[in-house]
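Commentary on secondary and tertiary structure
Here is what each chain is made of, one letter per residue.
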Amino acid sequence: MKMTITEKILARASGSQSVKPGDNVWVDVDILLTHDVCGPGTIGIFQQEFGRNAKVFNREGVVIIPDHYIFTKDEKAHRNVDILREFVKEQDLPYYYDPGTPAYCGVCHLGMPQHGHVRPGEVIVGTDSHTCSHGALGAFATGIGNTDAGFVMGSGKILLKVPETLRFVLNGKKPDFISAKDMILRIIGDIGVDGATYCAMEFVGEAINDLSIDERITICNMAIEAGAKNGIIPPDEKTIEFVKSRTLKPFVPIYGDEDAPVLKTYTYDVSTFVPCVAKPSSPDNYATARDVKDVKLDRSYIGSCTGGKITDFVMAAEILKDRKVTVETCLVPATVEISEQLISTKIDGKSLLEIFVNAGCEPVAPPSCAACLGGPIDTFGRTHSDEVVISTTNRNFIGRMGSKEAQVYLASPLTAAASAVTGHITDPRDL
Amino acid sequence: MNQKNNILRAKVYVAGDNIDTDQIIPAHYLNLVPTIPEEYAKLGSYAMAGLPSTALPFIDETTGRTPYGIMIAGRNFGCGSSREHAPVAIGAAGCKAIVAESYARIFFRNCVATGEAYPYESETLLTSEFKTGDEAEINTEEGTITRVSDGAVFKLKEIGAVGPVIAAGGMFKYAREIGIIKQG
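In this report, the structure presented in the accompanying data block is examined.

Turning next to the overall build of chain B. Helix and strand content of chain B: six helices and eight strands. The globule rule puts the C-alpha radius of gyration for 184 residues at 16 Å, and the 16 Å found for chain B is close to it. Expressed as a percentage of its 184 residues, the buried residues of chain B come to 58%. Here the analysis covers contacts within chain B between residues at least 6 apart in sequence; of these, 64% occur between residues at least 24 apart. Summed over its atoms, the accessible surface of chain B is roughly 7700 Å², and 48% of this surface lies on carbon and sulfur atoms. Averaging the coordinates of the 17 positive side-chain charges in chain B and doing the same for the 21 negative ones gives two points 4 Å apart.

Okay, structure coming up:
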């Protein structure tokens, strides 16, 4: 039977010859990811259900990356990291990235690939909806709750329904000033925030092959914004090269059958794409940047697992080089590695950091999830009033960045940087 | 609220389409850990705190619990985050069932896995059939919800593949029953 890449991975992990959409299968999990917001509750469930002295299913299969509420005075946030620390010590877990130490890495969805925990063909579950990011490297990856995660922690297994696949074929050459963010916002705008509910979103085609690994992560990261179970991009030479540069662990890439049946195929010519935004307060509220050029801004925010990668900062720096921002511009690199790359990456002899300082941006924040999800009251970049923000993050729900009265427009780093210069939403082609 | 045998009778709270998890429990309350009993109760007192300021309050400020035992909603209820704090907050507040036209996947699964709130799907959109404060009665055996004021009956969908998990009382009990994990 012909199978998609998602079906083949789930067949492999459930020990079946073949699976089909709708089958409920027990799947062996390769990696369980958790963080400071859901880790303590997951550990609580694990200990309640498997016993105080139980051991995790595989020490190397549990990756704990605190990243949400790190740079805050909130006492409970610190208490939660302490719960993780104690558990890691008790279980002797090798993959823990402790805040305040050289091991700290920042946002889990970029820490995972950077530290070699994402490998093609594997099954990754995480207590964070953006776990779907890891499909960018050809893994099956999906977000789960604490109870399921507690179950996985003790058993190494999860009951999954094999999803139908929606295939997105992106043909053509990407025009200048278009990024992966414009592609995924366009797709979500077309299919809606529940357009892929329960489905796998598989991204293929020339325009996907042309994307860097970072840009592929942007696409898969936002699959959940259309309700998908997972986003996935078939591995290619770029994937293999990236993964081999990050881990010595062996892995077996899995490829789908090209003629495997799918629920629906959507075909796009990306050469027709234009810079766009998602207007408040839903990621599917698509508009071209030019359509909303009259929207005046209070802040531009560049950060998060979706929009705080080194490629995002390079795009922003290309725009901000030799220009000045006119609104508060917050920069939050997702990981420590990316923070360091802001110094080592140069454009015309100037580091990205110098470019941002010269442009008048706020001092670069330490890496974490920061204001992408609002967070504790003292979180960097959080909204507190009726601010109008353009942001490279992935959600613009009411109150998402803190205040319910704030208005958040999602956009690419190019559009967010161009808008920072003019103070109103600006198509980067018009700058 | 009355709950006997297969009948759940309670006041309803009516919400709209695409109620996301940030509206169900805003992120600054995610420092609370659901498995710590006093924090579980606190989460309940913040349920639906992220709804727009114009929305009717879901929680009675004096008790920290909800007077509404049933939530009625439109499409894609619980979209967004995987935070299990969301179904926990609704359940901890005292709301025992949600009747939505459809659900976001992770939220639905978290309801099933935790047993905090029963996620029913309605066959038709019910947000215009009920208003907040109306009395309703869910009959689990017949798969219906009734508007008590005039006896109008609306069909609920079959629960489907997760039925055995719900019947067993959650994911752990189900997995023990079928021998995936050892008896606890």
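A tally of regular secondary structure across chain A gives 14 helices and 18 strands. In terms of overall size, chain A behaves like a compact globule, its C-alpha atoms giving a radius of gyration of 21 Å where 431 residues would be expected to give roughly 22 Å. Principal-axis analysis of the C-alpha atoms places the extent of chain A at approximately 55 × 50 × 40 Å. Across the 431 residues that make up chain A, the buried fraction comes to 66%. By sequence separation, contacts in chain A at least 24 residues apart represent 76% of the contacts at least 6 residues apart. Just so you have it, chain A exposes about 14500 Å², and 50% of that area is on carbon and sulfur atoms. Placing the 43 positive and 55 negative side-chain charges of chain A at their respective mean positions leaves the two points 1 Å apart.

What follows is about the interface of chain B and chain A. Residue-level contacts link 46 residues of chain B with 51 residues of chain A. Between chain B and chain A, the buried area comes to about 3900 Å², and carbon and sulfur atoms account for 56% of it. Where chain B touches chain A, the interface holds five salt bridges. The residue D22(B) makes a salt bridge to R400(A) at a minimum N-O spacing of 3.0 Å. Secondary structure elements with two or more residues in the side of chain B that touches chain A: α1 (21-24), α4 (105-114) and α6 (171-177) of chain B. Among the elements that line the side of chain B that touches chain A, the one with the most residues is α4(B), at seven residues.

As a further point, take the packing of aromatic side chains. For the structure on display, the rule yields 20 aromatic pairs over all chains. Between F50(A) and F172(B) the ring centres are 5.6 Å apart and the planes differ by 70°, which places this aromatic pair in the edge-to-face class. On the criterion of chain membership, the pair formed by F50(A) in helix α2 (residues 39-50) and F172(B) in helix α6 is interchain, its members lying in two chains. The exposure class assigned to F50(A) is partly exposed, which follows from its relative accessible area of 25%. Counting every residue linked through ring pairs, the aromatic cluster contains W26(A), F46(A), F50(A), F87(A), F151(A) and F172(B). A cation over a ring is seen here: K161(A) above Y198(A), with NZ or CZ 5.0 Å from the ring centre.

With that settled, consider the packing of α2(A) against helix α5 (residues 146-155) of chain A. Residues and elements named next belong to chain A. Relative to each other, α2 and α5 sit at 55°, their axes nearing to 8 Å. With respect to their mutual orientation, α2 and α5 come out oblique. Read as a crossing pair, α2 and α5 show a hand that is right-handed. Contacts from G41, T42, I43, I45, F46 and F50 of α2 reach α5 at N146, T147, A149, G150, F151, M153, G154 and S155. Here the residues of the contact of α2 with α5 sort into seven nonpolar, seven polar and no charged.

We now examine helix α11 (residues 310-320) of chain A. It helps to recall that an α-helix has 3.6 residues per turn; residues three or four apart then point in one direction. All names here are of chain A. The buried fraction of α11 amounts to eight of the eleven residues, a majority that puts the element mostly inside the structure. Turning to α11, its buried residues number three or more, namely I310, D312, F313, M315, A316, A317, I319 and L320. The first or second residue beyond α11 is D322, which carries a positive phi of 60°.

Attention now moves to the side chain of R395(A). Summarising the element assignment, R395(A) is placed in the loop between β17 (388-391) and β18 (407-411). Look at R395(A) and you get buried, because its relative accessible area is 1%. Here S129(A) takes part through its side chain, which lies 2.8 Å from a polar atom of the side chain of R395(A). Looking at R395(A), its side chain comes within polar contact range of the main-chain oxygen of G80(B), at 3.2 Å. Ignoring any residue separated from it by four or fewer positions in sequence, one finds R395(A) in contact with S129(A), H130(A), I224(A), E225(A), P283(A), R400(A), L410(A), G80(B) and S81(B).

Residue and element names in this part refer to chain A. In spatial order, the strands read β3-β2-β4-β5; together these four strands make up an open sheet with parallel pairing. One side of each edge strand has no neighbouring strand; the edge strands of this open sheet are β3 (62-64) and β5 (140-143). Across this sheet, the average inter-strand angle for adjacent strands is 20°, counted without regard to direction. Examined bridge by bridge, strand β4 (residues 123-126) and β5 share four bridges and lie parallel to one another. Directly across from V123, in β5, lies its bridge partner F140.

Cut-offs applied
Residues numbered from 1 in each chain as written. Chains lettered and ligands numbered in written order. Predicted model: local features only at pLDDT ≥ 70, side-chain atom pairs only at ≥ 80, totals over all residues. Heavy atoms only, no water. Helix = DSSP H or I, 4+ residues; strand = E, 2+ residues; numbered from the N terminus. Rg over C-alpha atoms; globule rule 2.2 N^0.38 Å. Buried < 20%, exposed > 50% of the residue type's maximum accessible area, 1.4 Å probe, protein only. Contact = heavy atoms within 4.5 Å. Areas by Shrake-Rupley, 256 points an atom, 1.4 Å probe, with all protein chains shown as cover. Lys, Arg positive; Asp, Glu negative; His and termini not counted. Charge placed at Lys NZ, Arg CZ, Asp CG, Glu CD. Buried area = accessible area lost by both parts, 1.4 Å probe. Salt bridge = Lys/Arg side-chain N within 4 Å of Asp/Glu carboxyl O. Phe/Tyr/Trp six-rings, centres within 6.5 Å; stacked < 30°, edge-to-face > 60°. Lys NZ or Arg CZ within 6 Å of the ring centre and 35° of its normal. Axes fitted to C-alpha atoms, helices over the stretch in contact; angles between N-to-C directions. Parallel < 35°, antiparallel > 145°, perpendicular 65-115°, else oblique. Left-handed = near helix turned anticlockwise from the far one by under 90°. Nonpolar A, V, L, I, M, F, W, Y, C, P; charged D, E, K, R; others polar. Polar contact = N/O pair within 3.5 Å; in protein donor to acceptor, adjacent residues only side chain to side chain. Pairing = 2+ DSSP bridges.

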